[in-house]
Amino acid sequence: MRSTNLPNDAESIITSGVTRPRLTFLGVGPLGGTYAACYAELGYEVLGYDIDEGRISKFNDGQLPFYERGLDELLTKNLANGRLRFTTDIDEVAEFGDVHFLCVGTPSRPDSNSADLSYLESCVTSLAPRLSRQCIIVGKSTVPVGTSSWVQQLIDQHTSDGVDVEVAWSPEFLQESNAVQDVMRPNRVVLAAQSEWAQQLLQAAHKGVFELAAQEDRDVPLVVTDFATAELVKVASNAFLSTKISYINAMADLCEVAGGDVTALARAMGHDERIGQKFLRAGIGFGGGCLPKDLRALASRAQELGVGESLRFLAEIDEVNTRRRTRAVTIAAELCGRDVGPAGARMEGLHVTVLGATFKPDTDDIRDSPALDIARRLRNAGATVTVYDPKGIDNARTAQPELNYAKPLSEAVEGADLVCVLTPWEEFRHLDPAALGDIVSHRRILDGMNALDPQLWRNAGWEYRGMGRS
Ligand code: UDX
């Protein structure tokens, strides 16, 4: 197999003259749901599948079961033009598709940091026996390296004799809140397939992406590679991004004791193009459904393959990240004049308002959210905690029912002894410190993601603390 990013490959996909295969997406969570609607928009006939009947009926009614910017329009439009449908019937999926994309979740196992592949397994073993013509099953889910050959074995065990079914791999790199762009205009496409016909089918399934790029006079780098590399790209990238964040967060600790400002440090470092400005925002650390889980799964897989030593530093990246949450609680207590003993901070009698529950802005996702975890820790330290979030309150309430929730924002901050801005939503960046100062009991603010202008807040009489800013 080749490894290349020559534009000629993309060119040959566009001019190949192959007809568009019919696509299915198995698992229509934020990943598969976004892909299904976007590929319909790119001109493919698409069927989305899930075992969750509630989710499927919502999709078929034109409602998104999760929030993703710009996706609702694509859903409505492509349901109406008939290119997009959703079903819970696996027979229909088998009958419909030439290319089946596996988009189910691969969460951490309850007993270890390894990825749980049971959803993937049940998808393949229920689809394979029903297949009656040549097709490919393409992995998109994030998996441990080596999974594709196991999927091929499952296919071989469960497919009827004489039906040609091959596994292929094409990882995804969606960022929540930018997922539509990431599918329609990806910064790279990675493809792995075995036989010539499977490669052609896989390329045909991505033709729409390259056609759109050509129309818009853009390049989409294409990396055609082996299976192991294709499986590794996603986790290796996510572990690298996590490393960048934990690195700057470690520098934040250093800045605090040395009297520096980590935001200026990151800016100055990032002007070196080899380093870059992105993913150097210091604060309360990373969360979400991908970065923490992928970091741990990669370390665990490396251990299984006998190279755990080489990736041992990933455990430290994880620990630096978790310590950010403890650090935020310590700073919160210090701001309120409370001593922080060896057993941690005590915050009895204090009303704390936490602004932000989601793991980042522009999503309603609270999975492994540092903001919500810090809110929980503040409550455990004895504070009365009220949370406000523009989109995440419903999910947060389900996950952490013992916290108080309020909206609008003005109600949430009323009488607060401390305000903690923990998710950098646009709404919070533009808060008026003077107006807010009239509602709270004490003008104290913790800026957990260094999203505010310290001078502005201090000028309005607030005691301001960021993360890694002396
Ligand atoms: C991530 C990857 O970016 C994406 O490519 C992959 O496909 C899925 O995982 P996502 O989980 O949507 O995407 O979130 P991302 O934007 O990467 O942010 C992850 C976390 O890192 C958030 O909690 C965010 O607040 C934090 N972060 C990000 C920082 O703490 N500092 C930064 O500089 C950037």
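Being a predicted model, the structure only gives us computed values, none of them experimental.

> Which residues make up the overall build of the protein, and what are the values?
Each helix and strand counted, the protein has 20 helices and 16 strands in total. On C-alpha atoms alone, the protein measures out to a radius of gyration of 24 Å, which is about the 23 Å that the 2.2 N^0.38 rule sets for 470 residues. The principal-axis extents of the C-alpha atoms in the protein amount to approximately 75 × 50 × 45 Å. Here the protein holds 470 residues, and the buried ones make up 54% of them. Excluding contacts between residues fewer than 6 apart, the proportion of contacts in the protein whose partners are at least 24 apart in sequence is 72%. Carbon and sulfur atoms make up 49% of the accessible area of the protein, which amounts to about 20300 Å² in all. The centroid of the 47 positive side-chain charges in the protein is displaced by 4 Å from the centroid of its 65 negative side-chain charges.

> Please provide a residue-by-residue account of the state of the cysteines, values included.
Tallying each qualifying case throughout the model produces zero disulfides. Free of any disulfide, Cys135 has its nearest neighbouring cysteine sulfur in Cys123, separated by 13 Å. Here Cys135 falls in the buried class, since its relative accessible area comes to 0%. Considering cysteine sulfurs only, Cys103 is the nearest to Cys290, which forms no disulfide, with 13 Å between them.

> Please provide a residue-by-residue account of the sheet that holds strand S7 (residues 189–193), values included.
Taken in spatial order, the eight strands line up as S3-S2-S1-S4-S5-S6-S7-S8 in an open sheet, and their pairing is mixed. Where the open sheet ends on each side, the last strands, each with one partner, are strand S3 (84–87) and strand S8 (222–224). Between one strand axis and the next, the sheet turns by 25 degrees as a mean value, whatever way the strands run. As defined by bridge partners, strand S1 (residues 23–26) adjoins strand S2 (residues 46–49) across four bridges and the pair is classed as parallel. Bridge pairing in S2 links Thr24 to Leu47. Each of S1, S2 and S3 is contacted by helix H2 (residues 30–41), which is oriented at about 165 degrees to S1, the strand it contacts most.

> Can you explain the nonpolar core? Please cite residues and give values.
Grouped together as the largest cluster of nonpolar side chains are 54 residues, with contacts concentrated most on Met347, Val352, Val354, Leu355, Leu378 and Val419. Among the secondary structure elements, those contributing two or more residues to this core are helix H14 (313–335), strand S11 (351–355), helix H15 (370–380), strand S12 (384–388), helix H16 (393–399), helix H17 (409–413), strand S14 (418–421) and strand S15 (444–447). Top element by residues in this core is H14. It accounts for six residues. Excluding residues that lie within four positions of it along the chain, Met347 makes contacts with Ala332, Ala333, Cys336, Arg338, Val352, Leu378, Ala381, Gly382, Ala383 and Leu418.

> Give me unusual backbone geometry: which residues, what numbers.
A cis amide bond, omega 0 degrees, links Lys407 with the succeeding residue Pro408. With respect to the helices and strands, Pro408 occurs in the loop between strand S13 (404–405) and H17. Phi at Phe279 takes a positive value of approximately 60 degrees, unusual for a residue other than glycine. Inspection of the secondary structure puts Phe279 in the loop between helix H12 (262–270) and helix H13 (291–304). Here Asn450, not a glycine, exhibits a phi torsion of approximately 50 degrees, which is positive. If you trace the backbone, Asn450 turns up in the loop between S15 and helix H20 (454–459). Asn450 sits in the buried class, given a relative accessible area of 9%.

> Break down the site of the ligand for me, citing the residues and quoting the values.
Leu174, Glu176, Arg281, Phe359 and Lys360 are the nearest of the 20 residues found near the ligand. One nitrogen or oxygen atom from the main chain of Arg281 is found 2.8 Å from an oxygen atom belonging to the ligand. Within the backbone of Phe359, one N or O atom sits 2.9 Å away from an oxygen atom of the ligand. Among the elements that line the shell around the ligand, the one with the most residues is helix H11 (residues 227–258), at four residues. Grouping the amino acids of the shell around the ligand by side-chain chemistry returns 11 nonpolar, four polar and five charged.

> Now, about the pattern of salt bridges: what can you tell me, with residues and values included?
Summed over the entire model, instances satisfying the criterion amount to 31 salt bridges. Here Asp368 makes a salt bridge to Arg325, at a shortest N to O gap of 3.1 Å. Of this pair, Asp368 sits in the loop between S11 and H15 while Arg325 sits in helix H14, placing them 43 residues apart in sequence. Given a relative accessible area of 32%, Asp368 falls into the partly exposed group. Overall, Arg325 belongs to the buried group, its relative accessible area being 8%. Here Glu348 makes a salt bridge to Arg346, at a shortest N to O gap of 2.6 Å. In this structure Arg346 comes out as partly exposed when scored by relative accessible area, which is 41%.

> So what's going on with the confidence of the model for the protein? Which residues, and what values?
For the protein, the average pLDDT comes to 95, and 97% of its residues sit at 70 or higher. Scored below 50 in pLDDT, residues 1–7 makes 17 contacts in the model with residues more than four places away or belonging to other chains.

> Which residues make up the sheet that holds S14, and what are the values?
Spatial strand order, S13-S12-S11-S14-S15-S16: six strands in an open sheet with parallel pairing. Looking at strand neighbours, the two that pair on one side only are S13 and strand S16 (463–465), the edges of this open sheet. Pairing of S12 with S13, which is carried by two bridges, proceeds in the parallel orientation. Paired with Thr386 across the two strands is Asn404, which belongs to S13.

Scoring rules and cut-offs
Residues numbered from 1 in each chain as written. Predicted model: local features only at pLDDT ≥ 70, side-chain atom pairs only at ≥ 80, totals over all residues. Heavy atoms only, no water. Helix = DSSP H or I, 4+ residues; strand = E, 2+ residues; numbered from the N terminus. Rg over C-alpha atoms; globule rule 2.2 N^0.38 Å. Buried < 20%, exposed > 50% of the residue type's maximum accessible area, 1.4 Å probe, protein only. Contact = heavy atoms within 4.5 Å. Areas by Shrake-Rupley, 256 points an atom, 1.4 Å probe, with all protein chains shown as cover. Lys, Arg positive; Asp, Glu negative; His and termini not counted. Charge placed at Lys NZ, Arg CZ, Asp CG, Glu CD. Disulfide = S-S within 2.5 Å. Pairing = 2+ DSSP bridges. Axes fitted to C-alpha atoms, helices over the stretch in contact; angles between N-to-C directions. Core = buried A, V, L, I, M, F, W, Y, C linked by side-chain atoms within 4.5 Å. Near = heavy atom within 4 Å. Polar contact = N/O pair within 3.5 Å; in protein donor to acceptor, adjacent residues only side chain to side chain. Nonpolar A, V, L, I, M, F, W, Y, C, P; charged D, E, K, R; others polar. Salt bridge = Lys/Arg side-chain N within 4 Å of Asp/Glu carboxyl O. pLDDT = per-residue confidence, 0-100.

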